[in-house]
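# Secondary and tertiary structure notes
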Amino acid sequence: MAKAKILVLDQDISWTLMISEALIKEDYEVFSANRATDALLLLQVRSADVVVADINLPDSDPMTFLEQLRQQHPDIALIVCTARPTIPQAVATIRLGAHDYREKAVTPDCIIGIKESVAGAVAERGRDLRARVPDVRQRGLLAAPAQGFYGIVSQNAQMQDIFELIQTIADSVANVLIYGETGTGKELVARAIHEASSRHGKPFVTMDCSALARELMESELFGHEKGAFTGAHDRHIGRFERANTGTLFLDEVANIDLAIQAKLLRVLQSRTFERVGGQKSISVDVRIIAATNVPLEELVAAGKFREDLYHRLNVVEINIPPLQERAEDIPLLAMEFLKRFAKQNSKDVRGFSDVAVNTLCGYRWPGNVRELENVILQAVVLAKSPLIDSSDLPRRITQPAEGSVALPTKLAAQLEEPEKQILVNAIRQHGGNIKRTAEMLEISRTTLYAKLKKYQIDPDAIR
């Protein structure tokens, strides 16, 4: 079977090489250019299925380049990936028929997102040339990929319970609602559910519901027909159609407008929809996994989220603990990130000093795993020796950590009973008000809900 052909266009040569190598590993045929004029010349002599491009190029105006590409090569799918994203440019790009518009960052999540967009674009063209996904559906608790549980590295007891739950629900058709603070890895958990299921190898399509305006969200979810609105020059295939037979991950689902919520509910009930401006009813087989860092129960009570949609999404609930509750995972995750970034940046960095490990374990990590990942990337890039020391870490990490020591796992377990009593007393003190209780304890409401569930505490019973 012929390989899909991908053109990577970016003036940053190192970025071009990195993305090209990542796509080559996914079994695509890849070629590249660093200027808009070179790209258009290349496309006259070489065919391409997808163009991955930063359209903010020195030799061409972004919209001029887009219009030239659309006029000369209307069948090529375009994925825009830029370090300087703007809402007006995103709107104009999507209206000109771009398949996706993404923020560029030197992070694993960004690279994974680009690979997913490319796979979706190739599939949308009706060519079954997506990168092959290895069959990793082994049923031992940690027997899936070598890098932890479907890419999630943890030895924390709560996370192990989540891994077991994922294996239990993977092959069901139940929708899943994932709660967790920003940066805890909600998308990784969603991906693990997909990969552990019989849908593995089928599309896994993501949508950040906080990143799109209402008028774009409907089009992105359900697609639109040519001429459906001003600027709709071509038919656009939405996320539901792209995810057919696979999984659709709706991140930050609390941000969906109420009017769109009603249409989303209809799709979940009937598994059919119409594109914006279309008359034809389209049937899909899609599993929905939604995620939020905001308790949806409170939004339902406030009239900001439909109760019927909440119950449709929350068939199975997963609560991801914040990193500060997974202290034993910090050294493990830090080492995994170090190995990855040392290889990517060709740095001879092999480990951490004891002081650096203690510093990392003593920090509260408000940004969770994502913040730890970014800190290790910075430390690897700046490291002057093979061993990362505390001097290689940002000041915000080192200063609050002075005199602070992370609790050993056994000691933390011994403190669970006092923690339960503290929670009960705090809830009683605030008359069952979850918001004020969380503020007093200096934890998020999501974390508080998870702890209440863990200790089987009913706030209404102790007011």
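Before going into details, it helps to say that this report is about the structure given with it. Just so it is clear, the model here is predicted, and its values are computed rather than measured.

### Side note on the packing of helix H8 (residues 214–222) against helix H10 (residues 258–270)
Contact geometry of H8 with H10 gives a least axis separation of 10 Å together with a crossing angle of 10°. By the criterion of interaxial angle, the relationship of H8 to H10 is roughly parallel. Contacts between H8 and H10 involve Arg-214, Met-217, Glu-218, Leu-221 and Phe-222 from the former and Ala-259, Ile-260, Lys-263, Leu-264 and Val-267 from the latter. Residues of the contact of H8 with H10, tallied by class, amount to 7 nonpolar, no polar and 3 charged.

### Some remarks on unusual backbone geometry
One non-glycine residue with positive phi stands out, namely Thr-245, at about 75°. Among the secondary structure elements, Thr-245 is positioned in the loop between helix H9 (239–242) and strand E8 (247–251). The class of Thr-245 is partly exposed, set by a relative accessible area of 31%. Even without glycine at this site, Arg-271 takes up a positive phi of about 60°. Assignment of secondary structure puts Arg-271 in the loop between H10 and strand E9 (272–273). Arg-271 gets classed as partly exposed once you look at its relative accessible area, which sits at 26%.

### Points about the sheet that holds strand E6 (residues 176–179)
Think of a sheet as strands paired side by side through backbone hydrogen bonds, with each pair either parallel or antiparallel. If you trace the 5 strands from one edge of the open sheet to the other, you get E7-E8-E11-E6-E12, paired in parallel fashion. A single partner strand is all that each edge strand has here, and the edge strands are strand E7 (204–208) and strand E12 (316–319). Strand-to-strand twist of the sheet, defined as the mean angle between neighbouring strand axes without regard to direction, takes the value 20°. Note: E8 against strand E11 (residues 287–292), 4 bridges, orientation parallel. The partner of Thr-247 across the bridge, within E11, is Arg-287.

### Quick notes on the pairing of strand E1 (residues 5–9)
Burial analysis of E1 places 4 of its 5 residues in the buried class, which makes it a mostly covered element. Relative to strand E2 (residues 29–33), E1 runs parallel, the two being bridged by 5 bridges. Within E2, the residue paired with Ile-6 across the bridge is Val-30. Crossover E1 to E2 through helix H1 (residues 13–25) is right-handed.

### A short note on the state of the cysteines
Using the criterion set out here, one finds 0 disulfides in the structure. Free cysteine: Cys-81, not disulfide-bonded; nearest cysteine sulfur from Cys-110 at 4.4 Å. Residue classification places Cys-81 among the buried residues on the basis of a relative accessible area of 1%.

### As for the environment of Ala-170
Note on placement: Ala-170 falls in the loop between helix H6 (157–169) and E6. Residues Ala-170 and Arg-199, spaced 29 residues apart in sequence, show a C-alpha to C-alpha distance of 9.1 Å. Contacts of Ala-170, omitting those with residues within four sequence positions, involve Ile-193, Ala-196, Ser-197 and Arg-287.

### Quick notes on the sheet that holds E1
The 5 strands are arranged E2-E1-E3-E4-E5 in an open sheet whose pairing can be described as parallel. Edge positions in the sheet fall to E2 and strand E5 (100–103), since each has one partner strand and no second. Neighbour to neighbour, the strand axes of the sheet diverge by 20° on average, direction disregarded. Seen against the sheet, helix H4 (residues 87–95) touches strand E4 (77–82) and E5 and runs at an angle of roughly 155° to E5.

Rules of the game
Residues numbered from 1 in each chain as written. Predicted model: local features only at pLDDT ≥ 70, side-chain atom pairs only at ≥ 80, totals over all residues. Heavy atoms only, no water. Axes fitted to C-alpha atoms, helices over the stretch in contact; angles between N-to-C directions. Helix = DSSP H or I, 4+ residues; strand = E, 2+ residues; numbered from the N terminus. Parallel < 35°, antiparallel > 145°, perpendicular 65-115°, else oblique. Contact = heavy atoms within 4.5 Å. Nonpolar A, V, L, I, M, F, W, Y, C, P; charged D, E, K, R; others polar. Buried < 20%, exposed > 50% of the residue type's maximum accessible area, 1.4 Å probe, protein only. Pairing = 2+ DSSP bridges. Right-handed = clockwise from strand over helix to strand, strands pointing away. Disulfide = S-S within 2.5 Å.

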